[in-house]
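Descriptive analysis of the structure
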Amino acid sequence: MKRVLCALVASLALTGCVNAVSSFNQQPSEVVVQKVDKDDIRDIIKNDKMIPTMELDSEAVFTAVGEGIPPMDTVSPAQARALAKRSAITDGYRQLAGKLYGVKVNAKDTVKDAMLQSSVIEARVLGLIKNASVINQDFKDGLYRVEMELKIDQEKWQELFAY
C-alpha cells in the first residue's frame with residue numbers, strides 16, 4: 001500500500017514538473033513599442049486625473065511673500081535697504097521653489113540617558129524658477145517685504161509636474 005501511495009505521489013509531482021517546464025519554454029508574447037506625442041500625454045493626464053484639474057483659468061498662479069532685514073554693518077542706509085531688498089527677493093524665490101518642487105527635510109536627534117542632547121533640523125529647496133515677477137514691495141519698520149508672483153501656463157504646468 002505504501003509503494004502504491006509513493007508511486008502515485010511521485011507521478012503527480014513529475015506531472016507538475018513537466019507542466020511547469022512546458023509553460024516555461026513557451027515563447028513570450030510579442031512586445032509592442034508605440035511612440036507617444038505630447039498631445040497623447042496631455043489627454044492621459046486629463047482623463048486619468050493624475051493632478052488636480054485647473055479648469056477655471058488657462059494658467060496657474062503661485063504667489064509668495066519674501067522678507068529681508070537690512071544688515072547692521074553697511075556703509076549707508078541706502079546700501080542696507082538694497083541688501084534687504086535683495087534678501088527679500090531671494091526669500092521669495094526660495095518660497096516659490098518650495099511650493100513647486102517641495103522641501104527636503106533632514107533631521108537628527110541625539111538622546112543620552114533618556115534625555116535629548118541635541119536636535120538638528122535641516123531644510124533644503126532645489127528648483128529652477130524663471131519669469132517670476134515682483135508685484136508689490138514695501139519697507140517698513142526695518143523689514144523689506146516683497147510679494148512675488150509666478151504664472152505658468154496650465155499645459156506647461158501639467159507637462160512639468162504631473163508625476
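Up top is the structure.
In what follows, the accompanying structure is described. (Residues numbered from 1 in each chain as written. Predicted model: local features only at pLDDT ≥ 70, side-chain atom pairs only at ≥ 80, totals over all residues. Heavy atoms only, no water.)

1. Structural notes on the sheet that holds strand 1 (residues 59-68)
Picture the strands of a sheet paired through backbone hydrogen bonds; they go either parallel or antiparallel. A sheet is described by the order of its strands in space; here three strands give the open sequence 1-5-4, paired in antiparallel fashion. Each edge of the open sheet is held by one strand with a lone partner, namely strand 1 and strand 4 (133-140). The mean angle between the axes of side-by-side strands here comes to 15 degrees, regardless of whether they run parallel or antiparallel. Inspection of the sheet shows strand 1 paired to strand 5 (residues 143-153) by 10 bridges, in the antiparallel sense. Paired with Gly68 across the strands is Tyr144, a residue of strand 5. Set on the sheet, helix 3 (residues 77-101) makes contact with strand 1, strand 4 and strand 5; between it and strand 1 the angle comes to about 140 degrees. (Pairing = 2+ DSSP bridges. Helix = DSSP H or I, 4+ residues; strand = E, 2+ residues; numbered from the N terminus. Axes fitted to C-alpha atoms, helices over the stretch in contact; angles between N-to-C directions. Contact = heavy atoms within 4.5 Å.)

2. Notes on the pairing of strand 4
Sheet analysis places strand 4 next to strand 5, joined by seven bridges and oriented antiparallel. For Phe139, the partnering residue across the bridge sits in strand 5 and is Tyr144. Adjacent in sequence and paired antiparallel, strand 4 and strand 5 are bridged by two residues, among which Asp141 carries a positive phi angle near 55 degrees.

3. Notes on the nonpolar core
Counting residues in each nonpolar core, the largest one holds 17 residues, and the members touching the most others are Phe62, Leu96, Leu100, Ile129 and Leu150. Only strand 1, helix 3, strand 5 and helix 4 (154-161) provide two or more residues apiece to this core. Residue contacts for Ile129: discarding those within four places in its chain leaves Tyr93, Leu96, Ala97, Leu100, Tyr101 and Leu150. (Core = buried A, V, L, I, M, F, W, Y, C linked by side-chain atoms within 4.5 Å. Buried < 20%, exposed > 50% of the residue type's maximum accessible area, 1.4 Å probe, protein only.)

Nothing here speaks to function; it is geometry throughout.
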